[in-house]
Every structure is written in C-alpha cells, then in structure tokens.
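Each chain is listed here by its residues.
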Amino acid sequence: MSLVIYRPQGAFDASAIAMTRTGSVSSLALDYAGASVIAQGTGATRRTVDGRAAWVPVSEPGDEARIFDHRIALKVLTSKVAMHLDGAWRAGLFRSLDTLLDGEEWDFSDALPSEASFKTFLRMIVYLSSARRPSLGATADGHIVAAWTCGQDRLTIECLPDDSVRWVLAKCVAGERVSGAGRSSTRFLIEALRPYSPEQWLSDCPPTP
Amino acid sequence: MTQPYARAPITEAVVEFRIADPLSDAALDVSRRRFAKRYSKAEQLMEWQLNLQPGNSQVGEPHVSGFRFTNGEARYAVNTGRSGCSLTALAPYEGWEEFDERLRETWGVWAKAVGRQKLTRIGMRYVNRLDIPVTSQDEPWNRAEYLNVGVDIPSFGHPLTGFVAQSFTRIGRERFGLNLTASTMQPVLLDHGALVLDIDVYADVDVPQRDADIWTLMEALRSYKNQVFEACITDAARELIR
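The structure contained in this document is the topic of the report that follows. (Residues numbered from 1 in each chain as written. Chains lettered and ligands numbered in written order. Predicted model: local features only at pLDDT ≥ 70, side-chain atom pairs only at ≥ 80, totals over all residues. Heavy atoms only, no water.)

A few points about the state of the cysteines
Residues and elements named next belong to chain A. Summed over the entire model, instances satisfying the criterion amount to one disulfide over all chains. Put simply, C150 and C205 are joined by a disulfide, and their sulfur atoms are 2.2 Å apart. Classification of the bridge connecting C150 and C205 rests on its S-S torsion, roughly 95 degrees, and on that basis the disulfide is right-handed. Here C150, found in strand β8 (residues 144-150), pairs with C205, found in the segment after α5 (199-204); they are 55 residues apart in sequence, far enough to count as distant. This cysteine, C159, is not joined by any disulfide, and C150 carries the nearest cysteine sulfur, 20 Å off. The exposure class of C159 is buried, given its relative accessible area of 0%. (Disulfide = S-S within 2.5 Å. Helix = DSSP H or I, 4+ residues; strand = E, 2+ residues; numbered from the N terminus. Buried < 20%, exposed > 50% of the residue type's maximum accessible area, 1.4 Å probe, protein only.)

Right, dumping it as structure tokens:
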C-alpha cells in the first residue's frame, strides 16, 4: 500500500505524508479540524513529511533479503489462482521461481520481475490452460519471460503489465525454418498463434525419444 | 475427510486467538523468536498515528504492534501481536486435516511462548472466491445463480454490476457469532466474473481456556462454517468448484 495525504492549500503544516512499502490504514477519522490516521505497515517503512525523509524505522533489506522477499511475494500472488493450477504444476512453477530468483545468481543491476508482469503471466497460464510448464526467465527491465520448446521449435512470450504480451516463435514447417513475432493482449494470444499450431508447445509435444 | 471440492474456492483460511490483556514486550519478543525459527520470512508490523490539524500536525512515534511470519512456499502465515495470534492458510487449501495440524502446532508454540493468557475470542474465517466464467468481460451474469446471499434492488433498466452484502447474526443457539459478507470483486481471471463469500464464525462467550475444549470448539466452528458455506452457495456454484 502507498498512502499519500495532500492538504488543501494553506490548511496544514505537513504538506504531504507518504508511506511506502506494504501497509494498511486501520482507522481514519476526518473532521473540520483535521484528520487522524492510524496506519499499520510492515518491513522497512519510510515516512516523508514536507518532502524530507523523517525516519526509516527498519533498515532497508539487503539484496539477498530483497530477492527472497520478492520470491515470497510472487508465490503469494500465485495463491490467488492456485485453485486453477494442478498441484505438480504449481510445485514446478515454485521451483522455477526459486531458481530464477536465486540471490547468488541474480544480477542486481537488473530490475526484479514486477508483480504486474507476473500477474499477466499467471492470468495467461490459466487462460491458456497450458498442461506443459514453460521455463521461466526475466528481462532486465523486470518482465517475466515464459518459453516452451518442442524439439527444435520454440515459443517465447514476454509478459508485460496489464495482460499484454509480446511473443516470438521459431518452428520447422515442411523442412523450412519459419519464425514469427507479435504483440497482443493475452485474450487474443491464441488467435494470434493459431497459424503456428500452438498446442504443440502448450500440451501436445511428444516426449523426446 | 478430504477436501470435498477438487477446486476449493478458499483463498484464505484464518483462525485467530484473541486475548484479554495486551502482551508485554518480553512475551511478544519470545513469541517472535519461537516463530522465527520455524518460518522463512519475518516481518515487523509497525503502527503509527498521524494527527493532522491546521497549524499543529503531529506524527506519533511508530511502535511495534506485532510480527508476521510466512513460510517458504507462501502457504501459511502466522501473525503474533499484542492482542493475540492467528494462523492464515492461503490457496491452495488442502483440507482441514492439514490446516488443523498446522493450527495445533501454531497454538502450541504460541501458548508456550507467551504463557497462560485469558482467551476472549476464538474466530475462524474462510474467504471464498467463486470465479464465474463469462464469454466477455461485459457479459452480465446473475449473482443469484451462484450465491443465495446478496442484495436485491429494483430494476433500473441495467443489470447490477457490483454489490456488497454484510450481515451479523448469532448461530449455534447464540453461542457463536457469524459475520457474513458477500460481494463482487475485480475478476482475478480473464473472461471471468468473481464473487466473494467471506464467512467469519467466532466464539466470544464462554470462550474455552483449556486445550481439549479449544479443539472441541474448533470442530464446532468448522462444522458451522461448512453449514453456512453450503447454505450460501447454489448447485451451479458447486459445479464450478467440483
């Protein structure tokens, strides 16, 4: 949660109060004399009064703690759709997240995958009913990348915020290498991929001999 | 008994133990240390008060109101605070047996950490979300097809696009309280609508204090919670989660 209270011009001596990180307002009272807010927050909480940082009561987490917290946050997001995921599928997804967001391997100059991008990924996965689990990656600017391979054929989807996706694929058709790319909303993804028979990646890929 | 529905719509199951007198700093700290050993992620819960008045705005010093612990798979979370302790299970809900086992462990750890405390309320809250398939986000759907609880308003020529219905009553020969909330929410899935059924059953009168009585109460709360759930959903809803 992020709470920002702005005063009407000239009325209050605190021009803006902002709380960052997670939290919730547990009570709020407003009257002619002003406002009273009781707020709760977790983790590192930063308060800014009149544009000056006033205090940081809990130290900012280090890189290791930050990536660990992020991993948990993405798993909590997954719980929102968990009833639509097969148990083994979900367990595999969590293993992929653990590998992707490994503090020892992660390049901390890259943005962590955003929750908005991961939400697009989850909604896409349920929408596609993909029986096969993609491998996971991330772009430097914090987008989740899902990739399915079937033999030499590969489908890669970059999940952008707000149910928007960018995709690129390469497959062999009658001995010829064909590639395609596009951008669409998740809702139109199947239509966009239909000429390339996407079911080979999502469900039907025969096991490698 | 295993979970009766293959796709249980429970997004959150919470059991809370509330106590009469706020915990001391020392007791809160002991509970923090005990749970920190068992859970992967620990967060400090801060509370602060802001008073905004013309010419005299004050921001109170923050104080620690409790701690939240989450396990590595983000399936369970424990909150321990000055007013008590709670266990939360997130989806996928794997059934009462698993939750009960974790609950007994949580109670055991907390009770040992903070010593004997007078319980004033024991609550069991299950938040359910029904995902209603629609062919397009704008397609109207009828709440009454899935839930027996909601609001009815006169027709103004357009279908109801959202509602919140809240009721408070006593059940179990008035031994228990029931807070029931039904509402629409922003859909979580594409091409779905979403209905929330939030069932909060609690004991706040003659609250048991001995372990054996607490677990007997827990079974009763669970039984009432299940009865309320079944009474509130329709066969069409059952089909969605079967």
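Considerations on the packing of helix α1 (residues 63-79) of chain A against helix α3 (residues 115-128) of chain A
Residues and elements named next belong to chain A. Between α1 and α3, the shortest axis-to-axis distance is 10 Å and the interhelical angle comes to 35 degrees. α3 is crossed by α1, and the crossing has right-handed handedness. Residues H70, A73, L74, L77 and T78 of α1 touch α3, and the partners they reach there are E115, F118 and L122. For the contact of α1 with α3, a count of residues per class yields five nonpolar, two polar and one charged. (Axes fitted to C-alpha atoms, helices over the stretch in contact; angles between N-to-C directions. Left-handed = near helix turned anticlockwise from the far one by under 90°. Contact = heavy atoms within 4.5 Å. Nonpolar A, V, L, I, M, F, W, Y, C, P; charged D, E, K, R; others polar.)

Points about the nonpolar core
Within the largest apolar cluster, 61 residues are counted, with the highest numbers of intra-cluster contacts made by F17, F99, I122, L197 and M218 of chain B. When neighbours within four sequence positions are excluded, I122 of chain B is seen to be in contact with E16, F17, V201, Y202, A203, V207, P208, I214, L217, M218 and L221 of chain B. Grouped together as the second largest cluster of nonpolar side chains are 39 residues, L97, V126 and L136 of chain A together with V188 of chain B included. (Core = buried A, V, L, I, M, F, W, Y, C linked by side-chain atoms within 4.5 Å.)

Purely geometric stuff here, so don't read any function into it on its own.
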